[in-house]
Amino acid sequence: MNSTSLMVIFVGSIFTNNILFASFLVMCSFLVCSNKIDTAIGLGSAVTFVMVTTTAINYLVYHYILLPLGLEFLSYIIFIAIIAAFVQFVEMFVERFSPDLYYALGIFLPLITVNCAILGVSLFMVLRNYNFLQSTVFGLGGGLGWALAIMLMAGLREKMGYSNVPKPLKGAAIIMLVTGVLAMSFMGFSGMISM
Amino acid sequence: MKLLRTFFDKIEPVFDEGKPLSSLHPIYSMFDNMMFLTDEKTRNAPFGRDPIEIKRYMFLVIIALGPCFLGALYFFGIRVLWMLIVSYAAGAVVEIAFAVIRKEEVNEGFLVSGFIFPLILPPGIPLWLVAVGMIFGILIGKEVFGGTGRNLFNPALVGRSFLALGYPSIMATSWITPGSGTLGNLLINYQLAAPEAISAATPLVQAKSGIMSPLKDLLIGNILGSAGETSAILVILGGIIILAAGMANWRTVLSIILSFAGFNLLLNLFSPGTANPVLFNMLSGGFLFGAFFMATDPVTSPVTISAKWPYGILIGLLALLIRTFSGFVEGMMFAILLGNIFAPLFDEVVIRIRMKRYAKKY
């Protein structure tokens, strides 16, 4: 059993081991959906919510169904299936109770299904032997960390509206460069917390 | 002067549109602008309220950096001058190449970045690394975004963090023992000096193992450290110059210092022994230099006045946390870069709050 304290996991997964800047997961929606701060906030909160709940569900499924039956090798497929089912459920729920948010998020809501950070957090949880509470906090921190990253990127991209980027670098290329500098700055936290 | 003017007027047609040398026109106008102000007068509104413009602005910052530069020459020798020349040459190559391709005028921005850059490097660093760092900083930190005024990050800091992460062993062993006496190290060229002149523990590294340098040395600056940052007195002197001239915003400087000192006091109060003493922490390393000269960069710090407070508080807090808990002994570089990253978000929040207030009022 891993004995890292909850506070360390929470702060660590937001800053020092940010899922985006340290592991470079979910670059796809990070590149596409970071052009406006509002979209970034919406998507960030949706991802956070899905991440917390699916990590908790996946923990229970893994430890109370897969492990006793000796089916750990199925964890990838089962985790993906659970995430997909849960995103479907969230989608229906949001459409029923908050149509505004539903239309604002549009295609990005179902796309959370293929968000690799969510699967990544579930797999890290197994790898690092977290208990239930630790896993949930890790999911929350990971989600918030990702939301923070995409919001920072959206802010920088809005400021970049004044920039004069050379033609070959326009679009995804310059975003990759900026992400590189961001990752370089987040390196400053390295060694602060070991998870 | 008149001779120079006639010379410039004479050679200008060579660079005109259609002539073989026309692509080099930006270089011509750079030298022209460096020597002469424009003599055109404004015919109708808007009129300039203040004669300050980018060139004077940059020049004033360089004057404010003067004390630090002279101090660096005194403590670490002529080598600092070679570093400055290499840094300017490398920066100018990138800057002029982009100006020629874009058919824009060469901007004076790189004069400040190129001046600051050698001052934040270890004085014993190989000269080719100065060039590598400067080219990376100007290229990735500034030119890909369109040049002066359009960059997102401080170019000098982008270059320095690239060196710190890319060549950590060279960066950590390039300190020079400072000189003393009337001439200091002025006459010593460390390129040729014996290797024992270069040792490896700055006051912040020593503090990790419990050896505290006396505060007097930190104030005067006869300690190991990056070229321009060792002497707290000279940094404060330069800081007063740019604050008085209005180049740096006092809110940024004040909030960084207050937050750094405040959080340091709190940390020492609740868990004594984890962080260095407040005064030692403030005077050592690049904290003051960063607070006065790097965090206040008008392009990369927040635009709105109110956002400068959270920006400064964040930088102070991060600098303390990184210095105390992370694997790096010096936190100011990363703290300011992270501050640059958060700056647009702070601006956005401030603007949204303002808009809401206006909407409520009217």
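Computed from a predicted model, the values in this text were never measured in an experiment.

The rules behind these values
Residues numbered from 1 in each chain as written. Chains lettered and ligands numbered in written order. Predicted model: local features only at pLDDT ≥ 70, side-chain atom pairs only at ≥ 80, totals over all residues. Heavy atoms only, no water. Helix = DSSP H or I, 4+ residues; strand = E, 2+ residues; numbered from the N terminus. Buried < 20%, exposed > 50% of the residue type's maximum accessible area, 1.4 Å probe, protein only. Contact = heavy atoms within 4.5 Å. Rg over C-alpha atoms; globule rule 2.2 N^0.38 Å. Areas by Shrake-Rupley, 256 points an atom, 1.4 Å probe, with all protein chains shown as cover. Disulfide = S-S within 2.5 Å. 1 Å grid on protein atoms, 1.4 Å probe; cavity = no way out; pocket = protein on both sides within 12 Å on 5 of 7 lines; lining within 4 Å. Points joined across faces, edges and corners; volume = space filled by probe spheres on them. Nonpolar A, V, L, I, M, F, W, Y, C, P; charged D, E, K, R; others polar. Buried area = accessible area lost by both parts, 1.4 Å probe. Salt bridge = Lys/Arg side-chain N within 4 Å of Asp/Glu carboxyl O. Polar contact = N/O pair within 3.5 Å; in protein donor to acceptor, adjacent residues only side chain to side chain. Axes fitted to C-alpha atoms, helices over the stretch in contact; angles between N-to-C directions. Parallel < 35°, antiparallel > 145°, perpendicular 65-115°, else oblique. Left-handed = near helix turned anticlockwise from the far one by under 90°. Phe/Tyr/Trp six-rings, centres within 6.5 Å; stacked < 30°, edge-to-face > 60°. Domains from an automatic or database assignment.

1. Overview of the overall build of chain B
And then number 1: A tally of regular secondary structure across chain B gives 16 helices and two strands.
And then number 2: Counting all 362 residues of chain B, 52% fall into the buried class.
And then number 3: Residue pairs at least 24 apart in sequence account for 73% of intrachain contacts in chain B once pairs closer than 6 positions are excluded.

2. Some details on the overall build of chain A
And then number 1: A count of helices and strands for chain A gives nine helices and zero strands.
And then number 2: Mapped from its N terminus to its C terminus, chain A presents α and β elements in the order α-α-α-α-α-α-α-α-α.
And then number 3: Rg of the C-alpha trace for chain A: 17 Å, near the compact-globule value of 16 Å for 195 residues, within the 12% margin.
And then number 4: Overall size of chain A, expressed as C-alpha extent along the three principal axes, is 60 × 45 × 25 Å.
And then number 5: In chain A, buried positions account for 49% of the 195 residues.
And then number 6: Taking contacts inside chain A between residues at least 6 apart in sequence as the whole, the part at least 24 apart equals 79%.
And then number 7: Total accessible area computed for chain A in this model is approximately 8,900 Å², and 71% of it derives from carbon and sulfur atoms.

3. Observations concerning the state of the cysteines
Residue and element names in this part refer to chain A.
And then number 1: Scanning the model with the defined rule gives zero disulfides over all chains in all.
And then number 2: No disulfide involves Cys28; its sulfur sits 5.0 Å from the nearest other cysteine sulfur, which is in Cys116.
And then number 3: With relative accessibility at 47%, the residue Cys28 sits in the partly exposed group.
And then number 4: Taking the relative accessible area as the measure of exposure, Cys116 reaches 33% and is therefore partly exposed.

4. Considering unusual backbone geometry
Negative phi values dominate among residues other than glycine, just as trans dominates among peptide bonds.
Residue and element names in this part refer to chain A.
And then number 1: Notably, Phe24 is not glycine yet its phi reads approximately 55 degrees, a positive angle.
And then number 2: With respect to the helices and strands, Phe24 occurs in the loop between helix H1 (6-16) and helix H2 (27-32).
And then number 3: A relative accessible area of 39% means that Phe24 is categorised as partly exposed.
And then number 4: A positive phi angle, near 55 degrees, is found at Val26, a position not held by glycine.
And then number 5: Within the secondary structure layout, Val26 lies in the loop between H1 and H2.

5. Focus: empty space enclosed by the protein
And then number 1: Throughout the structure, instances matching the rule amount to five cavities of 30 Å³ or more.
And then number 2: Classifying every residue of the lining of the largest cavity by side-chain character gives two nonpolar, four polar and five charged.

6. Observations concerning the side chain of Arg102 of chain B
And then number 1: Mapping Arg102 of chain B onto the fold places it in helix H4 (residues 79-102).
And then number 2: The residues touching Arg102 of chain B, leaving out its near neighbours within four places in the chain, are Asn164 and Pro166 of chain A together with Glu143, Gly146 and Gly147 of chain B.

7. Considerations on the interface of chain B and chain A
And then number 1: Across the boundary between the two partners, chain B contributes 36 residues, which contact 30 residues of chain A.
And then number 2: Counting the surface chain B buries against chain A, the share from its top three residues, Leu152, Ile341 and Leu345 of chain B, is 20%.
And then number 3: Linking chain B to chain A there are one salt bridge.
And then number 4: Here Asp38 of chain A and Arg352 of chain B are joined by a salt bridge, their closest N and O atoms 3.0 Å apart.
And then number 5: At the boundary of chain B with chain A, the tally comes to eight residue pairs in polar contact (both at pLDDT 80 or more).
And then number 6: Contributions of two or more residues to the side of chain B that touches chain A are made by H4, helix H6 (127-141), helix H7 (155-166), helix H15 (308-325) and helix H16 (332-361) of chain B.
And then number 7: With 10 residues, H16 of chain B is the largest single contributor of residues to the side of chain B that touches chain A.

8. Focus: the packing of helix H11 (residues 232-244) of chain B against helix H14 (residues 287-294) of chain B
Residues and elements named next belong to chain B.
And then number 1: Running from N to C, H11 and H14 cross one another at 15 degrees; their axes reach a closest spacing of 9 Å. Judged by the inter-axis angle, H11 sits roughly parallel to H14. For the crossing formed where H11 meets H14, the hand is left-handed. Along the contact surface, H11 presents Ala232, Val235, Ile236, Gly238, Gly239, Ile242 and Leu243, while H14 presents Leu288, Phe289, Phe292 and Phe293.
And then number 2: Counted by class, the contact of H11 with H14 contains nine nonpolar, two polar and no charged residues.

9. A short note on the side chain of Arg323 of chain B
All names here are of chain B.
And then number 1: Relative to the assigned elements, Arg323 resides in helix H15.
And then number 2: Classification of Arg323 by relative accessible area gives buried; the value is 4%.
And then number 3: Separated by 3.1 Å, the side chains of Arg323 and Glu330 make a polar contact.
And then number 4: With residues near it in sequence (within four places) discarded, Arg323 still touches Leu204, Lys208, Phe260, Asn281, Ser284, Gly285, Gly286, Phe287, Phe328, Val329, Glu330 and Gly331.

10. Brief notes about the packing of aromatic side chains
And then number 1: By the definition in use, this model includes 22 aromatic pairs over all chains.
And then number 2: Note on Tyr62 of chain A and Phe79 of chain A: the rings are 6.2 Å apart at their centroids and 50 degrees apart in plane angle, and the pair reads as tilted. A residue pair is termed long-range when its members are at least 10 positions apart, and Tyr62 of chain A in helix H3 (residues 37-69) and Phe79 of chain A in helix H4 (residues 75-97) qualify at 17 residues. Note on accessibility: Tyr62 of chain A and Phe79 of chain A belong to one class, buried.
And then number 3: On the basis of an interplanar angle of 70 degrees and a centroid distance of 6.3 Å, the ring pair of Phe145 of chain B and Phe153 of chain B is categorised as edge-to-face.
And then number 4: Accessibility expressed as a relative area gives 0% for Phe153 of chain B, which makes it buried.

11. Here we look at the pattern of salt bridges
And then number 1: Within the structure shown, the criterion is met by five salt bridges over all chains.
And then number 2: Between Arg102 of chain B and Glu143 of chain B there is a salt bridge; the shortest N-O distance is 3.3 Å. Placement of the pair is Arg102 of chain B in helix H4 and Glu143 of chain B in the loop between H6 and H7, with a sequence separation of 41 residues. Across the pair, Glu143 of chain B and Arg102 of chain B agree in class, each one buried.
And then number 3: Within this structure, Asp38 of chain A together with Glu348 and Arg352 of chain B form a network of salt bridges that share partners.

12. Looking at the layout of surface pockets
All names here are of chain B.
And then number 1: The space that makes up the largest pocket amounts to roughly 630 Å³.
And then number 2: What lines the largest pocket is a set of 31 residues, among which Arg160, Trp175, Val329, Glu330 and Met333 lie closest to the centre.
And then number 3: Looking at the lining of the largest pocket, the elements that each hand over two or more residues are H7, helix H8 (168-172), helix H9 (203-208), H14 and H16.
And then number 4: Here the lining of the largest pocket is built from residues that sort into 21 nonpolar, seven polar and three charged.
And then number 5: Summarising the domain contributions, the lining of the largest pocket has at least three residues from each of domain 1 (8-36 + 56-225) and domain 2 (248-362).
And then number 6: Computed from the structure, the second largest pocket encloses a volume of approximately 410 Å³.

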